[in-house]
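# Descriptive structure summary
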Amino acid sequence: MAVIGVLALQGDVREHVRALEESGATAKPVRRLAEIESVDGLVIPGGESTTLWKLATAFDLLDPLRKIIADGMPAFGSCAGLIMLADRLRDGVAGQQTFGGIDMTARRNAFGRQVDSFERDVQVDGAPFHAVFIRAPWVERAGAEVTVLGEDNGRIIAVRQGPLLATAFHPELTPDRRIHELFVKMVKGTS
Ligand code: GLN
């Protein structure tokens, strides 16, 4: 069975572990480099990308994670996790860095401060998906290798590039498991 680690520096780790277990994977929180290297895939949870960046830097994980992702470990990021998987960032704080991997520009807090959080049906893979957005980013520009999986009013909110998957919303917070099931298949090499 695929073993998927959920990066446990900050964010909604437990919700992702549960969603992955419900999607046919073995899941566990991972924090140390050796733990991260031992799993078949990695989830970067929603939370706060500035905190993820600072903690990854403090724990000497920023460069190792960049390399692990660049070397092809399947990874899925939701919200702050999408930001961490973006090669380029707009509206980050001074000096803010990401792990990268997906050839896209993520715009942080893109939906505006007035609309901190909201839920609505979006289109993912051609079907409706009830999505929860919390101070969410969107994808401002996606490179040629990026497949757009989801859009909301013309804004890109779900993407895939090879073994990397990212959503601006939080599928771990709603019962619909299609996104986590897709990621489990990607980790198993069947999608
Ligand atoms: N706005 C947050 C950030 O910049 C993301 C919010 C979230 O993950 N719910 O990281």
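Please refer to the structure higher up on the page.
I will try to describe carefully the structure that is included in this document. (Residues numbered from 1 in each chain as written. Predicted model: local features only at pLDDT ≥ 70, side-chain atom pairs only at ≥ 80, totals over all residues. Heavy atoms only, no water.)

With respect to the helices, strands and loops of the structure, Gly143 is situated in the loop between β9 (138-142) and β10 (147-152). Judged by relative accessible area, Gly143 falls into the buried class, the value being 18%. Placed 39 residues apart in sequence, Gly143 and Met104 show a C-alpha to C-alpha distance of 5.8 Å. (Helix = DSSP H or I, 4+ residues; strand = E, 2+ residues; numbered from the N terminus. Buried < 20%, exposed > 50% of the residue type's maximum accessible area, 1.4 Å probe, protein only.)

Here we take up the side chain of Thr50. Tracing the chain through its elements places Thr50 in helix α3 (residues 49-58). A polar contact is formed between the side chain of Thr50 and the side chain of Glu48, at a distance of 2.8 Å. Setting aside chain neighbours within four positions, we find Thr50 in contact with Val93, Gln96 and Arg108. (Polar contact = N/O pair within 3.5 Å; in protein donor to acceptor, adjacent residues only side chain to side chain. Contact = heavy atoms within 4.5 Å.)

This part covers the pattern of salt bridges. Applying the stated criterion across every chain, the model contains twelve salt bridges. A salt bridge links Arg107 to Asp91, with the nearest nitrogen and oxygen atoms 3.4 Å apart. Of the two residues, Arg107 sits in strand β6 (residues 102-107) while Asp91 sits in the loop between β5 (86-90) and β6, which places them 16 residues apart along the sequence. Residue Arg107 is classed as partly exposed on the basis of its relative accessible area, which comes to 23%. Among the salt bridges present, the one from Arg107 reaches Glu140, with a minimum N-O distance of 3.8 Å. Note that Arg107 is positioned in strand β6 and Glu140 in strand β9, a separation of 33 residues in sequence. On the basis of relative accessibility, which here comes to 30%, the residue Glu140 falls in the partly exposed class. Because the salt bridges share partners, they merge into one network encompassing Arg90, Asp91, Arg107 and Glu140. (Salt bridge = Lys/Arg side-chain N within 4 Å of Asp/Glu carboxyl O.)

Turning our eyes to something else, we now look at the pairing of strand β8 (residues 127-134). Sheet faces and side chains relate simply in a regular strand, where the side chains alternate between the two faces. Here strand β7 (residues 117-124) pairs with β8 via eight bridges, running antiparallel. If you follow Gln123 over to β8, its bridge partner there is Pro128. Connecting the antiparallel pair β7 and β8 is a turn made up of two residues, with Asp125 showing a positive phi of about 55°. (Pairing = 2+ DSSP bridges.)

Below, the discussion takes up α3. Burial in α3 covers these residues: Ser49, Thr50, Leu52, Trp53 and Ala56. End-on, the buried residues of α3 take up no more than an arc of 165°, which puts them together on one face. Among the exposed residues of α3, those pointing more than 90 degrees away from its buried face are Lys54 and Ala58. Where α3 is buried, its residues meet β3 (41-44), α4 (62-70) and α5 (80-85). (Arc of directions from axis to C-beta.)

Moving on, we come to the environment of Arg160. Of note, Arg160 is situated in strand β11 (residues 155-161). Linking Arg160 and Val148, residues twelve residues apart in sequence, is a C-alpha distance of 6.6 Å. In this view, Arg160 contacts Glu145, Val146, Thr147, Leu149, Leu165, Leu182, Met186 and Ser191; residues no more than four positions away in its chain are not counted. A distance of 2.8 Å separates a polar side-chain atom of Arg160 from the backbone oxygen of Gly162. From its side chain, Arg160 meets the backbone oxygen of Ser191 in a polar contact 2.9 Å long.

One finds Ile44, Phe99, Phe133, Phe169 and Phe183 to be the most contacted residues of the largest nonpolar core, which totals 67 residues. Broken down by element, the residue count for this core peaks at six residues, all from helix α6 (residues 178-188). Discounting chain neighbours no more than four positions away, the residues touching Phe169 are Ser78, Cys79, Val122, Val124, Phe129, Ala131, Val132, Phe133, Ile157, Ala158 and Ile179. (Core = buried A, V, L, I, M, F, W, Y, C linked by side-chain atoms within 4.5 Å.)

For Asp125, which is not a glycine, the phi torsion comes out positive at approximately 55°. The topology assignment puts Asp125 in the loop between β7 and β8. By relative accessible area, which is 59% here, Asp125 ends up exposed. In this structure, Asn153 is a non-glycine residue whose phi angle is positive, near 50°. By the element assignment, Asn153 lies in the loop between β10 and β11. In this structure Asn153 comes out as exposed when scored by relative accessible area, which is 67%.

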